[in-house]
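# Remarks on the overall topology
Here is how the chains run, residue by residue.
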Amino acid sequence: MPTYTRLTDEHIAQLTAMLDPERVSVKAADLDQHSRDQSFHEAHLPEAVIWPESTEEVSRVLRFANANLIPVTAWGAGTSLEGNSLAVYGGIVMDFSRMNRILNVRAEDFQVDVQPGLTRLELNKALQRYGLFFTPEPGANASIGGMIANNASGIKTIKYGATKDNVLRLEVVQANGDVLHVGTRARKDSSGYDLLHLFVGSEGTLGLVTEATLKLEPLPANYSATLAAFRAIEPAIQTVVDIVGAGLEPSALEFVDTETIRALRLDKGLDLVEAPTLIVEFNGTSDSEGLVSAQAICEQNGAINFRAASGLEERNRLWEARHHTYESLLRQHPGKAQQIVDVCVPISRYPEIVLYANDVLTEHGLLGYKFGHAGDGNLHINIIHEPDSAADIERVQAAYALIVERAIDLEGTATGEHGVGIGKRKFIVRQHGQALNVMRQIKDLLDPNGILNPGKIFLE
Ligand SMILES: Cc1cc2nc3c(=O)[nH]c(=O)nc-3n(C[C@H](O)[C@H](O)[C@H](O)COP(=O)(O)OP(=O)(O)OC[C@H]3O[C@@H](n4cnc5c(N)ncnc54)[C@H](O)[C@@H]3O)c2cc1C
């Protein structure tokens, strides 16, 4: 790691001259607010927070920071779960919340141009009147820039893909302040190296996104969802493999274990059977056919209870509750902390990873809530622990490491959607092998002074 320059009063004065004074802050409250994401990682105070309003301002600040060896960490909504947006080397946090405009809706092309600070909920609210929506749906109200940088995904990824599948074009400011356009507005492109997807998932370490063209989908006219409860975990997770294997195309296929169902029932007052459950949803024209076939597979695998989420309101309530699992668990365990596991494996190995994780938790005497975007092979576990108990944290870390390492053994990945950040750096060394060295060379080429979000993705 290079030796970075600490910000001086002179640097702050220069930044203030580049932006309005009220958009450069060294106030303790602003620094503190940008020192934590939603993860278990310790806080890191930046030395200044700035709020750019244009690509030109981003470019000017980066040129200045690069020349002075000052780290710059982009900030979207700060909902990362792996420390991705923490300024571990101090320097500047660039908060994109003021670059939050919808620039152009091109409904006829199913596309929208946006600035990165716009949140997904704001975007989808505005798109409603066009009958369109941006499909990636992480549980939090993330910014588009943060979703692109982390390649976020969610419950609808099984049908529509992750963020990377729904971004067509980016405007990116490089570490030296140069502005780059990658991708096109065409839905297909085979014109050279795929730089667009190099930036997606790069966690703000290769360049900062200042504009994006996103792919949109028509809002489905109808949904049909069912909850299938099973006597045990094994048939539930085998059913996931069977539904995907049968070529059915649900718009969501989520696994929720008994403990999580209980927490949602108690916290949200949902009428749910306390058992390992699959939530299967179809939307679009062939929805009822798909649902009937999926239900038949659930029955063959011994589902003990079916409940249709009848009507849009009930369906929305269900997903709303599922999205707020983290908060529900906080309320169920006041004063406790949660360490969140995010691994993803090939679908045929899903039962193996879930059962392995179950055993590991039991062996370590830990309470972990298991759920996830099962149709993608994505498993999350929220492990509950005492925040201040070293022994507890050690046990959690040991269990966490075993589960992540097993996902890699099963030819999966250390992170399906939360990104590498700080927490997954050590695991991706084995996962990527020589490919990680190539990533390092790319990083050194695009950011030779290492000013962009240092301390992420690579172990120093
Ligand atoms: C309750 C809860 C549920 C969640 N559920 C999901 C889920 O289902 N699926 C999922 O994928 N994630 C989930 N997440 C994680 C999180 O919401 C995503 O990782 C999201 O993409 C982070 O977006 P953000 O705007 O908060 O970005 P931040 O956390 O602010 O930043 C994320 C990364 O993006 C970089 N960045 C931000 N803006 C830019 C920019 N303009 N240019 C370049 N880099 C930039 C940052 O430096 C950082 O590396 C969840 C989080 C919470 C708290």
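Numbering of residues starts from 1 in each chain and follows the order in which that chain's sequence is written. Totals for whole chains, interfaces and linings use all residues, but because this is a predicted model, local features are given only for residues with pLDDT of at least 70 and pairs of side-chain atoms are given and counted only at 80 or more.

### Thoughts on the site of the ligand
We count it as follows: Only the C-beta atom, placed from the backbone, is used; a residue is near a molecule or strand if that atom lies within 6 Å of it. A run of H or I in DSSP counts as a helix once it spans at least four residues, and a run of E counts as a strand once it spans at least two, with each numbered from the N terminus. Gly is placed with the polar residues, together with every amino acid not listed as nonpolar (Ala, Val, Leu, Ile, Met, Phe, Trp, Tyr, Cys and Pro) or charged (Asp, Glu, Lys and Arg).
In the vicinity of the ligand there are 36 residues, among which Gly76, Gly139, Gly145, Gly146 and Gly204 approach most closely. Examining the composition of the shell around the ligand, we find that five residues originate from one element, helix α5 (residues 144–150), more than from any other. Of the residues assigned to the shell around the ligand, the class counts are 15 nonpolar, 18 polar and three charged.

### Some words on the sheet that holds strand β2 (residues 48–50)
The line we're drawing: The rule for pairing is simple: two strands pair if DSSP sees at least two bridges between them.
Strand order in the open sheet formed by four strands is β1-β2-β4-β3, and the pairing between neighbours is mixed. Looking along the sheet, the strands with just one partner apiece sit at the ends: β1 (24–25) and β3 (72–75). Pairing analysis gives two bridges linking β1 to β2, with the strands arranged antiparallel. Residue pairing in the sheet places Val24 in a bridge with Ile50 of β2.

### Considering the sheet that holds strand β8 (residues 167–173)
As a reminder of what qualifies: Helix axes are fitted only over the stretch in contact, all axes being lines through C-alpha atoms; the angle between N-to-C directions runs from 0 to 180 degrees.
A sheet is described by the order of its strands in space; here five strands give the open sequence β5-β6-β10-β8-β9, paired in antiparallel fashion. The sheet is open, and its two borders are formed by β5 (102–106) and β9 (179–183), each paired with just one other strand. Strand after strand, the sheet turns through a mean of 10° between neighbouring axes, direction not considered. In terms of strand pairing, β5 meets strand β6 (residues 111–114) through four bridges, oriented antiparallel. Bridge pairing links Val105 to Val112 in β6.

### Describing the packing of helix α13 (residues 350–363) against helix α14 (residues 390–409)
Selection rule: In what follows, roughly perpendicular refers to angles from 65 to 115 degrees, roughly parallel to angles under 35, roughly antiparallel to angles over 145, and oblique to any angle outside these ranges. If you view the pair so one helix is near and one far, a crossing is left-handed when the near helix is turned anticlockwise from the far one by less than a right angle, and right-handed when it is turned clockwise. Any two residues are considered in contact once their C-beta atoms, placed from the backbone, lie within 7 Å.
It is at 10 Å that the axes of α13 and α14 come closest, and there the two elements cross at 160°. The angle between the axes of α13 and α14 places the two elements in the roughly antiparallel class. Remark: the crossing between α13 and α14 carries right-handed chirality. Across the interface between the two elements, Ile353, Tyr356, Ala357, Val360 and Leu361 of α13 pack against Ala399, Leu402, Ile403, Arg406 and Ala407 of α14.

### A short note on helix α11 (residues 311–323)
The condition that has to hold: Multiplying 1.5 Å by the helix residue count minus one yields the expected span of that helix. Counting other C-beta atoms within 10 Å of a residue's own tells you its class, since 20 or more makes it buried, 12 or fewer makes it exposed, and anything in between is partly exposed; those C-beta atoms are placed from the backbone. Relevant arc is that of directions from the helix axis to the C-beta atoms, nothing else.
With 13 residues, α11 ought to run about 18 Å at 1.5 Å a step, and its terminal C-alpha atoms sit 19 Å apart, in line with that. For α11, the complete set of buried residues consists of Leu318, Trp319 and Arg322. For α11, the angular spread of the buried residues around the axis is 90°, confining them to a single face. The outward face of α11, more than 90 degrees from its buried face, is lined by the exposed residues Glu313, Asn316 and Glu320. In this fold, the buried residues of α11 make contact with β12 (223–229), β13 (252–256) and α12 (325–332).

### A look at the domain arrangement of the chain
A common way to report how large an interface is uses the accessible area buried once the components associate. Note the threshold: The split of the chain into domains comes from an automatic or database domain assignment.
Taken domain by domain, the chain consists of domain 1 (223–326) and domain 2 (333–423). Taking only C-alpha atoms, the centre of domain 1 and the centre of domain 2 are 21 Å apart. Each partner contributes to the interface: domain 1 provides 18 residues, whereas domain 2 provides 16 residues. Secondary structure elements with two or more residues in the side of domain 1 that touches domain 2: α8 (233–245), β13, α9 (258–268) and α12. With seven residues, α8 is the single largest residue contributor to the side of domain 1 that touches domain 2. Looking at the side of domain 1 that touches domain 2 residue by residue, the class counts come to eleven nonpolar, three polar and four charged.

### Some thoughts on the environment of Ala140
Tracing the chain through its elements places Ala140 in the loop between β7 (132–133) and α5. With 22 C-beta atoms counted inside 10 Å, the residue Ala140 sits in the buried group. Distance in space between the C-alpha atoms of Ala140 and Leu121 is 9.3 Å, their sequence separation being 19 residues.

### Thoughts on helix α3 (residues 55–68)
Over its 14 residues, α3 extends 20 Å from the first C-alpha to the last, a length consistent with the 20 Å expected when each residue adds 1.5 Å. The complete set of buried residues in α3 reads Glu57, Val58, Val61, Leu62, Ala65 and Asn66. Seen along its axis, α3 keeps its buried residues to an arc of 160°; they face one direction. Packed against the buried residues of α3 are α1 (9–18), β2, β3, β4 (92–95), β8 and β10 (208–215). Where α3 ends, the next residue or the one after it, Leu69, has phi of about 55°, a positive value.

### Observations regarding the pairing of β6
With burial as the criterion, only one face of β6 is covered, namely that bearing Val112 and Val114; the residues Gln111 and Asp113 on the opposite face remain uncovered. Linking β5 to β6, which pair antiparallel, is a turn of four residues; within it Phe110 sits at a positive phi near 55°. Summarising the sheet, β6 and β10 pair through four bridges and their orientation is antiparallel. Paired with Val112 across the bridge in β10 is Leu214.

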